[in-house]
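# Descriptive structure summary
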Amino acid sequence: VHWLRAFCAARLKASNSDKALGQTLLQRALSQRHRTLFGERHFEGDSVIYSARFRPRLPSALRLKADVLLLAGEVPAAQKLLEQAKQINVRDEATLGRLAACARILKKPDEVKAIIAEVEKFNPKPGLFYHELASSLEDRKIYSDAEIYFRKSVELREKLPASKAGLGMLYMRLGREN
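As a starting point, this report considers the structure included with it. Computed from a predicted structure; not experimentally measured.

Here the focus is the side chain of D92. Looking at where D92 falls in the secondary structure, it is placed in the loop between α4 (75-88) and α5 (93-105). D92 gets classed as buried once you look at its relative accessible area, which sits at 14%. Once residues lying within four places of it in the same chain are set aside, the contact partners of D92 are P59 and R63.

What follows deals with the pattern of salt bridges. Using the criterion set out here, one finds 8 salt bridges in the structure. R173 is the salt-bridge partner of E138, the closest N and O atoms lying 3.7 Å from each other. Within this pair, whereas E138 is found in helix α7 (residues 127-139), its partner R173 is found in helix α9 (residues 161-174), the two being separated by 35 residues in sequence. Linking E147 and R176 is a salt bridge whose minimum nitrogen-to-oxygen distance equals 2.7 Å. You can see E147 sitting in helix α8 (residues 143-156) and its partner R176 sitting in the segment after α9, a full 29 residues away along the chain. By relative accessible area, which is 14% here, E147 ends up buried. Judged by its relative accessible area of 39%, R176 falls in the partly exposed class. Each of D67, R98 and E132 takes part in one network of salt bridges that share partners.

About the thresholds
Residues numbered from 1 in each chain as written. Predicted model: local features only at pLDDT ≥ 70, side-chain atom pairs only at ≥ 80, totals over all residues. Heavy atoms only, no water. Helix = DSSP H or I, 4+ residues; strand = E, 2+ residues; numbered from the N terminus. Buried < 20%, exposed > 50% of the residue type's maximum accessible area, 1.4 Å probe, protein only. Contact = heavy atoms within 4.5 Å. Salt bridge = Lys/Arg side-chain N within 4 Å of Asp/Glu carboxyl O.

The analysis is restricted to geometry; functional conclusions fall outside its scope.
Below, the structure is given as C-alpha cells:
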C-alpha cells in the first residue's frame, strides 16, 4: 500500500510541473519491494524490473512498465509493451484503454476508432475501457478528450465510482467546480 501511495504522488508531481522530480519519486516508489495478490514483484534500481523468474508476461506488470514510459514521454515504447500485454489477453480493457490513449497521443484517430470498435464488439458497456482511456489522457493533459471519455464511462457504468471521481478531479483541475 505504501508503494502505491508513493506511486500516485509521483504521477501527480510528474503530471503537474516538475517532471524530473516526479520521475525521481516514481523510481523511488517502484524500488520498494512488495508483494501483491498476483505474486511477488520486485522493483529495483533505476528502472522497473519485473522478476523474470516469477511471471515475466503478467499483463499488469507490462502495463505498469508502460505507465512509467508514458510518464517519461516515451509513447512508442509504451505502446510496444501494451501490444505485448494485448497478445496475452486480447480482451483486457485496461490494456486496450491505454493502447487507445497512446494512439490518441500519437494523433492516430483511425486507430483509436478501431480499438473502440474492437472493445465494443465483445463488451457492449465497456466502462472500464473508457475510464482507463480517460485517465491516461488526463495524465497527458488532453483534458477535452478525457472529459468526453469519463462521461461515457459514467454513462455506461453508473456504479463505477472511479469514473465519477476522475471526472470530478478533472473538473476541479479545470476550475469548473459547479
